[in-house]
Amino acid sequence: MREPAAVAQAIDYVRSLAARNVNPLAAIVGSRRAPPVFHQFPQPGINRVGEGLGYFYHSHDAPASPTREHGHFHLFGRARRRRGEDPVDSYVHLAGIGVDANGAPLRLFTTNLWVTAGRWRSAAFIRGELNRFAHRATRPDSGAERWIGLLLRLFPAEIRSVLRLRELKVAGWRREGVVQRRLADRRIHLLSAVPLALGEPAGSPRERAAS
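These figures come from a predicted structure and were not determined experimentally. (Residues numbered from 1 in each chain as written. Predicted model: local features only at pLDDT ≥ 70, side-chain atom pairs only at ≥ 80, totals over all residues. Heavy atoms only, no water.)

A.B. asks: Just to check I follow, could you spell out helix H1 (residues 4–18) for this structure?
C.D. replies: The α-helix advances 3.6 residues per turn, and as a result positions three or four apart in sequence lie on the same side. Along its 15 residues, H1 runs 21 Å from first to last C-alpha, staying within 8% of the 21 Å computed at 1.5 Å per residue. All buried positions along H1 are accounted for by Ala 6, Ala 10, Tyr 13 and Leu 17. End-on view of H1: buried residues confined to an arc of 65°, all on one side of the axis. Projecting away from the buried face of H1 at angles above 90 degrees are the exposed residues Pro 4, Arg 15 and Ala 18. (Helix = DSSP H or I, 4+ residues; strand = E, 2+ residues; numbered from the N terminus. Expected span 1.5 Å × (residues − 1). Buried < 20%, exposed > 50% of the residue type's maximum accessible area, 1.4 Å probe, protein only. Arc of directions from axis to C-beta.)

Dropping the structure here:
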């Protein structure tokens, strides 16, 4: 079952927004309506969530999506430097969360390296950063990003699953000796994806490797 505290917090948060006639996505973008298609919020830039964490929302052509997906959040963390790497601050893409026009979650995914650039980091590193994001975004002093933090707390099994699929795909490329070429291949946008549904208990989410 999902974490009862996270479920209760999510319900309370949605109810508090509904009392103001606002949905979670509209609250994040600062409007009573979802943003127009092919729009990034904020534009340009990124919303900061604590030290080294941030996100932006990207909308796309919802009518063309069979899943009713209006857009997705891209979550980022700061890539701590490893031995031998240059000292310039850099970032890592943690995950994407696809949502409908109300902000209800539809899928969790990881992107190919070229999509958002940044540094490559292991699943263990990303899982730790997502836990840090969830903790920071659900603190009492959090802002509109609270909904994203609650979603991360609601779907721990799906997070583990999507990162495991990512690692499996890249491990296969390493065995074939083509990993750098595939990570830069602009025909490959996603590395993994799993569906999300608020009504489904966590456990063994349906998985699919992204091509």
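A.B. asks: Got a minute to help me understand the pairing of strand E3 (residues 53–59) in this structure?
C.D. replies: The two faces of a sheet get side chains in turn, since along a regular strand they alternate between them. Among the seven residues of E3, six are classified as buried, and the element is accordingly described as predominantly covered. Bridge analysis of strand E1 (residues 40–41) against E3 gives two bridges, and the strand direction is antiparallel. Bridged to Gln 40 within E3 is His 58. Sheet analysis places strand E2 (residues 47–48) next to E3, joined by two bridges and oriented antiparallel. Its bridge partner lying in E3, Arg 48 is registered against Gly 54. Looking at chain direction, E3 and strand E4 (residues 71–78) are connected through seven bridges and run antiparallel. Note on E4: the bridge partner recorded for Tyr 55 is Leu 75. (Pairing = 2+ DSSP bridges.)

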